[in-house]
Amino acid sequence: MTALWTREELESATGGRLIGPERAIGGASIDTRTLQPGDLFFAIRGDARDGHDFVPDALGRGAGAAVVSASRLGDLASHGPVLTVPEAGADPVLTAMVRLGAAARARTGAQVVAVTGSVGKTGTKEALRHVLAEQGETHASAASYNNHWGVPLTLARMPRSTRYGVFEIGMNHGGEIVPLTAQVRPDIALITTIAPAHIEHFLSLAAIADAKGEIFSGIQPGGVAIVNRDVPHFDRLAAHAQASRAGRVVTFGEHPESDVRALKIVLRPDLSVIDAAVMGQPVTYKLGTAGRHAALNSLGVMAVVHSLGADLARAALSLGSLTPPAGRGERTALEIGGGTAYLVDESYNANPVAVRAALATLAGIETGPRGRRIAVLGDMLELGAAAPDLHRGLAEAIEAARIDLVFTAGPLMRHLFEALPVSRRGAVTDTAADLLEPLARNLRSGDVVMVKGSNGSRMGRIVEALKARYAVDPTRRTQAVP
């Protein structure tokens, strides 16, 4: 195992003191459930639990050391090596993790990219990870580690040999991105799109644009700010970029003035074909994920690749083998009624723009004989007072996408269900757990079923239950949809 951090580096960066037998540090973790031997375990305080309570378990699982606050040293030092850090801030261990992340950023020679946006930031981050990993050592955020602990943890995990770093940055309130982008200090910062996500915390869509525009405040002098030219309030985003230390602003989209422009997008059930002009250079490529939203975000990926000075042709080729991650379009074959149905897992999160995009993608997927397109939708959360109308308004998108049946879970989605014609109504329940059996009873061979909802609506449980019950090959669940 290559050492990620030495004893001297840990103590210097955090201001702490390592006590006990020395073990090699090869990673970093805040969760004993996913901790690997050699990880540095940070005992941060969560909303419900204190990480110090899990230190004995972490060390017993082979953690390289546990980072603990000085006040807890006495009852934890006997369990193994601990890095005791001084009391600082509301959570001394989180402060130490931020400091270690800063040290990782300071020592790297990597080109660093930061991604945010109301929709598509995780998919875009994963696409960048995919294409850049074929051109050099790439380090990127795991899952959606994009908040006040996910960003410094991702930084603390970054090897000194990294060539490309890709960081996702998220927010629920204004002002949250500023400290995170200050930690990442991106050479390139990208905003995918602006949409009414988390709008209950904002007065308007313009306020969301201003909050996303904060990502440019941390950009390195002479860096590149990349903005979707098609989004509402583009001018506000461009103003944030121009007020930053960025050396230039690059735009992407279908707008005729975009620097990276889609000339033609051909949508197919499992992929897209994009004819684009990248800074005037014609590029045609396949994208291994479906949907117009994914195709447009791939233009942002190409803008980043060009701005990095990486190989554009090689990146274009790499995008053809990109597959959607779980919760963001992953497709699974299900054995039902002596035939095959298909599950499209869009369960990771939801807002009105993302749901409309998922419905449009579902519309383009061919069903089997006698098959139907079925949408299974959970509540979209954090939409404020407009939530009932925003849910009800999806009826138009369902009609346009020719969805045959709609199943809904949650009190907000009930507004949509009641707005649908009786012929399109499947079932409505208060929770995702209650929806599983009515849905399962109605499935038949040839159906294509798409599941989507905010994380808090727990729609992922329906996906996992369907996979466990019906997956054609549980060891290789993702299949091509014909």
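Thresholds, definitions, all that
Residues numbered from 1 in each chain as written. Predicted model: local features only at pLDDT ≥ 70, side-chain atom pairs only at ≥ 80, totals over all residues. Heavy atoms only, no water. UniProt positions renumbered as here; feature names shortened; annotations may be inferred. Helix = DSSP H or I, 4+ residues; strand = E, 2+ residues; numbered from the N terminus. Rg over C-alpha atoms; globule rule 2.2 N^0.38 Å. Buried < 20%, exposed > 50% of the residue type's maximum accessible area, 1.4 Å probe, protein only. Contact = heavy atoms within 4.5 Å. Areas by Shrake-Rupley, 256 points an atom, 1.4 Å probe, with all protein chains shown as cover. Pairing = 2+ DSSP bridges. Axes fitted to C-alpha atoms, helices over the stretch in contact; angles between N-to-C directions. Expected span 1.5 Å × (residues − 1). Right-handed = clockwise from strand over helix to strand, strands pointing away. Core = buried A, V, L, I, M, F, W, Y, C linked by side-chain atoms within 4.5 Å.

The name given to the protein in an unreviewed UniProt entry is UDP-N-acetylmuramoyl-tripeptide--D-alanyl-D-alanine ligase, and the organism recorded there is Methylobacterium phyllosphaerae. Its UniProt record, at the heading Sequence similarities (unreviewed entry), says of the protein: "Belongs to the MurCDEF family. MurF subfamily." Regarding the protein, the UniProt comment filed under Function (unreviewed entry) reads as follows: "Involved in cell wall formation. Catalyzes the final step in the synthesis of UDP-N-acetylmuramoyl-pentapeptide, the precursor of murein."

Considering the overall build of the protein
Broken down by element type, the protein carries 17 helices and 20 strands. In terms of overall size, the protein behaves like a compact globule, its C-alpha atoms giving a radius of gyration of 23 Å where 482 residues would be expected to give roughly 23 Å. By its C-alpha atoms, the protein is 65 × 50 × 40 Å across when sized along the principal axes. Within the protein, the fraction of its 482 residues that count as buried is 55%. For the protein, the share of sequence-separated contacts (at least 6 apart) that also reach a separation of at least 24 residues comes to 64%. For the protein, the exposed surface amounts to about 19,000 Å²; the carbon and sulfur share of it is 51%.

With respect to the sheet that holds strand β3 (residues 39-42)
If you trace the five strands from one edge of the open sheet to the other, you get β1-β5-β4-β3-β2, paired in mixed fashion. The sheet is open, and its two borders are formed by β1 (17-19) and β2 (27-29), each paired with just one other strand. Across the sheet, the mean angle separating the axes of adjacent strands is 25° when strand polarity is ignored. Summarising the sheet, β1 and strand β5 (residues 82-85) pair through three bridges and their orientation is antiparallel. Following the sheet pairing, R17 is matched in β5 by T84. Along the sheet face, helix α1 (residues 7-14) touches β1, β3 and β5 and points at about 20° away from the line of β5.

Quick look at the sheet that holds strand β10 (residues 224-228)
Strands pair in a sheet through their backbones, by hydrogen bonds, and they do so in one of two ways: parallel or antiparallel. Strand order across the open sheet formed by nine strands is β7-β8-β6-β9-β10-β11-β12-β13-β14, with mixed pairing between neighbours. Looking along the sheet, the strands with just one partner apiece sit at the ends: β7 (138-140) and β14 (281-287). Across this sheet, the average inter-strand angle for adjacent strands is 20°, counted without regard to direction. Across the face of the sheet, helix α11 (residues 312-319) comes into contact with β13 (272-278) and β14 while running at roughly 25° to β14.

A look at the environment of A182
Within the fold, A182 resides in helix α7 (residues 177-184). Counting along the chain gives 33 residues from A182 to I215, while the straight-line C-alpha distance between them is 8.5 Å.

Focus: unusual backbone geometry
One non-glycine residue with positive phi stands out, namely R185, at about 50°. The residue R185 is located in the loop between α7 and β9 (188-191) in this model. Unusually for a residue other than glycine, R402 sits at a positive phi of about 55°. Along the polypeptide, R402 turns up in the loop between α14 (394-400) and β18 (405-409). R402 gets classed as partly exposed once you look at its relative accessible area, which sits at 47%.

Quick notes on helix α4 (residues 92-107)
An α-helix turns once every 3.6 residues. As a result, residues three or four positions apart point the same way. Taking 1.5 Å per residue, 16 residues should reach 22 Å; α4 reaches 23 Å between its end C-alpha atoms and fits that length. Looking only at α4, the buried set comprises P92, V93, L94, A96, M97, L100, G101, A104 and R105.

Topic: the pairing of strand β19 (residues 425-429)
In the sheet, β18 pairs with β19 via four bridges, with the strands oriented parallel. Bridging from a neighbouring strand, A409 pairs with T429 of β19. At this point the chain moves from β18, through helix α15 (residues 413-419), to the parallel β19, and the crossover so formed is right-handed.

A few points about the side chain of E346
Relative to the helices and strands, E346 resides in strand β16 (residues 339-346). Exposure remark for E346: the relative accessible area of 11% places this residue in the buried category. Filtering out sequence-adjacent residues up to four positions away, E346 remains in contact with G327, R328, G329, A358, M450, V451, K452 and G453.

As for helix α10 (residues 292-308)
Between its first and last C-alpha atoms α10 spans 25 Å; for 17 residues at 1.5 Å apiece the expected length is 24 Å, and the two agree. Here α10 lies mainly inside the structure; 14 of its 17 residues are buried. The first or second residue beyond α10 is G309, which carries a positive phi of 80°.

Here we look at the nonpolar core
I226, Y285, L299, M302 and L319 are the most contacted members of the largest nonpolar core, which has 40 residues in total. Among the elements that take part in this core, α10 stands out by supplying ten residues, more than any other. The contact partners of L299, leaving out residues within four places of it in the chain, are F252, G253, V260, R261, A262, I274, A276 and Y285. Listed in part, the 29 residues of the second largest apolar core include I169, V184, I194 and V231.

Description of the pairing of strand β8 (residues 164-168)
For β8, a buried count of five out of five residues is recorded, marking the element as mostly surrounded by other parts of the structure. Taking every second residue as pointing to the same face, both faces of β8 are buried, with Y164, V166 and E168 on one and G165 and F167 on the other. The pairing of strand β6 (residues 111-116) with β8 spans five bridges and is parallel. Directly across from V115, in β8, lies its bridge partner E168. Regarding topology, helix α6 (residues 150-156) serves as the crossover connection from β7 to the parallel β8, and that connection is right-handed.

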